[in-house]
Amino acid sequence: MSAAFTATGPALHRTTPPPAGAISAAAGAHHAQLAPQKGLRFDWTQDEARALYDLPFPELLFRAQTIHRAHFDPAVIETATLLSIKTGGCPEDCGYCSQSAHHKTGVKATKLMAVERVLEEARRAKAAGATRFCMGAAWRAPKDRDLDSVCAMIEGVRDLGLETCVTLGMLSPAQVARLGEAGLDYYNHNIDTSRDFYSQIVTTRTMDDRLETLSEVRRGGIKLCTGGIVGMGETVEDRIAMLVILAGLAPHPESVPLNMWNEIAGTPIHGKAKPVEPIAFVRLVALARILMPASVVRLSAGRHAMSDELQALAFLAGANSIFTGDVLLTTGNPERARDVDLMQRLGMRFATTAPSPEI
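Residues numbered from 1 in each chain as written. Predicted model: local features only at pLDDT ≥ 70, side-chain atom pairs only at ≥ 80, totals over all residues. Heavy atoms only, no water.

To continue, consider helix α1 (residues 46-53). Regarding α1, the residues found buried are A49, L52 and Y53. Down the axis of α1, the buried set is contained in an arc of 100 degrees. They therefore lie on one face. (Buried < 20%, exposed > 50% of the residue type's maximum accessible area, 1.4 Å probe, protein only. Helix = DSSP H or I, 4+ residues; strand = E, 2+ residues; numbered from the N terminus. Arc of directions from axis to C-beta.)

This is the structure we're talking about:
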């Protein structure tokens, strides 16, 4: 395949693919040494992104797969495990979330888990093959006293040889510094949707609040895990606009989770949500890969409802990470055995270390 791939339509980038089958032997540099991401674009427009999204399906997947191969081994899938370390009672009114105190979803508020219990779950995750352990707490923003335990969790998980990721809500600069000192690798803070649609699903914070937290985390030298949710009643333009916002962050987020909204009775979104047509979802995955070539694109919530064929197409379009484990915070997830079986039938394999992209 030509190293200098060019095509008509929106400009892509020039890059040289790594040798076939090449896999990174290490998890990558420490969080303070962020990838330079030279030669990538950060100025995509909505019109350019829409033109890519609307390409004939074979052409779109060809472009996405070409770019994917230039940065990652296309046969390797990263696995991460997500644990809710503090469930329910969140003061935010996010219309899609079962953990909001504003909604009657049957989710009961819990206290922050004990450190050792979290580490027990991390050990199980590592034994099951996970390379990253993600911890989520249902807070608008953490209290400083809570960070003592969270930092101890981060340090303990890192000592197990796993990458660490937490999602705690909005952060102050001092809190970012504490998390960085504990060795946090990734901070998850999704932008959820487009700027235009955002106010229809959340009123207790703004898109700019989200972006400011991402900026604080980036200034603190911690990698970003940020993506969005589809199937909440938004338009295709909203989905594309969400990716354009993410692709405008410099550097690009190191991880981009794409979530399909799970039906959760009692949430405001439940009555107006519309399932995403499978081919439309694959187009979105391909667009994410093209706009953010060196980012890990993760199939996140909603994967339990995806057919094996849909997942296979998503991997072909450039997705290269999944969550494993029976539960994602409060919603379902495919069983590990099903994932193993799918990888075997596709002739693919799980990463033994976190992917480190060729920039």
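Next comes the rest of the account.
By the secondary structure assignment, R283 is in helix α9 (residues 278-291). Buried charge without a salt bridge: R283, with D54 as the nearest opposite-charge side chain at an N-O distance of 5.6 Å. Residues contacting R283, with those up to four places away along its chain left out, are Y53, D54, L55, P56, F57 and L60. (Lys, Arg positive; Asp, Glu negative; His and termini not counted. Salt bridge = Lys/Arg side-chain N within 4 Å of Asp/Glu carboxyl O. Contact = heavy atoms within 4.5 Å.)

Turning our eyes to something else, we now look at the side chain of T167. Inspection of the secondary structure assignment puts T167 in strand β3 (residues 163-167). Looking at T167, its side chain comes within polar contact range of the main-chain oxygen of N188, at 3.0 Å. Among all residues touching T167, those that are not within four sequence positions of it are M135, G136, A137, Y187 and N188. (Polar contact = N/O pair within 3.5 Å; in protein donor to acceptor, adjacent residues only side chain to side chain.)

Looking now at the packing of aromatic side chains. Taken as a whole and assessed by the stated rule, the structure comprises 0 aromatic pairs. Just above the ring of W44 sits the side chain of R41; from NZ or CZ to the centre is 4.0 Å. (Phe/Tyr/Trp six-rings, centres within 6.5 Å; stacked < 30°, edge-to-face > 60°. Lys NZ or Arg CZ within 6 Å of the ring centre and 35° of its normal.)

Two numbers describe how helix α8 (residues 236-247) lies on α9: the axes approach to 10 Å, and their chain directions differ by 20 degrees. As judged from the angle between their axes, α8 and α9 are roughly parallel. Relative to α9, α8 is oriented so that their crossing is right-handed. Contact residues: α8 offers R239, I240, L243, V244 and A247, while α9 offers A280, L284, L287, A288 and L291. Classifying every residue of the contact of α8 with α9 by side-chain character gives 9 nonpolar, no polar and 1 charged. (Axes fitted to C-alpha atoms, helices over the stretch in contact; angles between N-to-C directions. Parallel < 35°, antiparallel > 145°, perpendicular 65-115°, else oblique. Left-handed = near helix turned anticlockwise from the far one by under 90°. Nonpolar A, V, L, I, M, F, W, Y, C, P; charged D, E, K, R; others polar.)

What follows covers the pairing of strand β1 (residues 76-86). For β1, the buried fraction is high: 11 of the 11 residues fall into the buried class. Looking at chain direction, β1 and strand β9 (residues 321-324) are connected through 4 bridges and run parallel. Each residue of the ladder has a partner; that of A80, found in β9, is F323. When β1 meets strand β2 (residues 132-137), the two strands line up parallel, connected through 6 bridges. (Pairing = 2+ DSSP bridges.)

Counting residues in each nonpolar core, the largest one holds 91 residues, and the members touching the most others are L179 and L243. In terms of residue count, the dominant contributor to this core is α9 (10 residues). In this view, L243 contacts L258, L284, L287, A288, L291 and M292; residues no more than four positions away in its chain are not counted. Judged by nonpolar contacts, the second largest core, of 7 residues, contains A80, C134, Y186 and C225. (Core = buried A, V, L, I, M, F, W, Y, C linked by side-chain atoms within 4.5 Å.)

So, on to the pairing of strand β8 (residues 296-299). Burial along β8 is two-sided: V296 and R298 facing one way and V297 and L299 facing the other are all buried. As judged from the 4 bridges shared by strand β7 (residues 255-260) and β8, these two strands associate in the parallel manner. When the sheet's bridge partners are listed, P257 is paired in β8 with R298. Crossover β7 to β8 through α9 is right-handed. (Right-handed = clockwise from strand over helix to strand, strands pointing away.)

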